[in-house]
Amino acid sequence: KIDLKGQRFGRLLVLKENTNRSSTKQVQWICKCTCGTIKTVKTRDLRGGCTKSCGCLKKDMITERNVTHGLSKHPLYSVYCDMRRRCYNTDYYEYHNYGGRGIVICNRWLDSVGSFIEDMELLYKEGLQIDRINNDKGYSLENCRWVTAAQNAKNRRGMSGTSQYKGVMWNKKGCKWIARTYYKGKLKHIGTFTCEKEAALAYNKKALELNGEYAYL
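Here's a quick rundown of the structure. Because the structure is predicted, anything quoted here is derived from the model rather than measured.

So, how was this worked out
- Residues numbered from 1 in each chain as written.
- Predicted model: local features only at pLDDT ≥ 70, side-chain atom pairs only at ≥ 80, totals over all residues.
- Heavy atoms only, no water.
- Pairing = 2+ DSSP bridges.
- Helix = DSSP H or I, 4+ residues; strand = E, 2+ residues; numbered from the N terminus.
- Axes fitted to C-alpha atoms, helices over the stretch in contact; angles between N-to-C directions.
- Buried < 20%, exposed > 50% of the residue type's maximum accessible area, 1.4 Å probe, protein only.
- Polar contact = N/O pair within 3.5 Å; in protein donor to acceptor, adjacent residues only side chain to side chain.
- Contact = heavy atoms within 4.5 Å.

### Some remarks on the sheet that holds strand β8 (residues 176–183)
Link 1 in the chain: Spatially, β7-β8-β9 is the arrangement adopted by the three strands of the open sheet, whose pairing is antiparallel. Edge positions in the sheet fall to β7 (168–171) and β9 (186–193), since each of these pairs with one other strand and no more. Adjacent strand axes in the sheet meet at a mean angle of 35° when their direction is disregarded.
Link 2 in the chain: Direction of pairing for β8 relative to β9: antiparallel, over a ladder of seven bridges. Looking across to β9, one finds that T181 is bridged to K188.

### Quick look at the side chain of N18
Link 1 in the chain: With respect to the element layout, N18 can be found in strand β2 (residues 12–18).
Link 2 in the chain: Classification of N18 by relative accessible area gives buried; the value is 12%.
Link 3 in the chain: Side-chain polar atoms of N18 contact the backbone nitrogen of N20, separated by 2.9 Å.
Link 4 in the chain: Not counting chain neighbours up to four residues away, the residues in contact with N18 comprise Q28, W29, I30 and T40.

### With respect to the environment of F116
Link 1 in the chain: Take F116: it is sitting in helix α5 (residues 113–120).
Link 2 in the chain: Classification of F116 as buried rests on a relative accessible area of 0%.

In structure tokens form, the structure reads like this:
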């Protein structure tokens with residue numbers, strides 16, 4: 001039996017199975033949309049990509065295409081649109097690194113591009129990129145800053161899937177833990193360790209040494 005509890009499909013997070021079947025006897029799931037709306041969706045519609053939100057995604061896409069707020073020519077408007085695509089457009093090529101892993105936009109910004117511009121334009125300069133201070137948290141005034149492309153590259157996510165620590169991976173061939181970090185856009189080898197925690201500490205030390213406040217820990 002397929003269990004979708006806890007999985008995310010577009011803007012929908014599956015909370016639990018609905019005890020009631022659909023009119024065609026299909027399994028249904030109770031889901032919560034990022035906008036807060038609770039919606040019941042059939043298994044095939046979730047897994048097939050037919051239903052990706054409570055309906056707000058389509059409304060937002062229409063609104064984006066028919067801009068009436070007069071801010072479409074503001075230099076931060078394209079930044080705002082790209083941010084929304086990364087978090088909520090499941091067809092966007094970078095979605096899996098953002099919305100696909102739970103990164104969302106705070107309600108104040110999600111509800112209004114004007115609020116985003118009001119909060120962020122003071123320190124903005126042409127050529128800067130928006131960066132999340134904590135890469136595992138979403139977009140908000142408290143967690144965002146403007147950085148250069150080089151600084152942004154330093155705050156990229158490390159390797160994952162083989163260790164509970166960032167920047168650490170298990171080397172099957174050598175049967176040891178490897179610590180690595182990124183510096184100037186290139187992967188830098190830190191060392192090989194028998195202890196996973198020692199590898200993590202070495203990673204933190206080197207990442208801070210090389211990247212300072214922009215290090216991803």
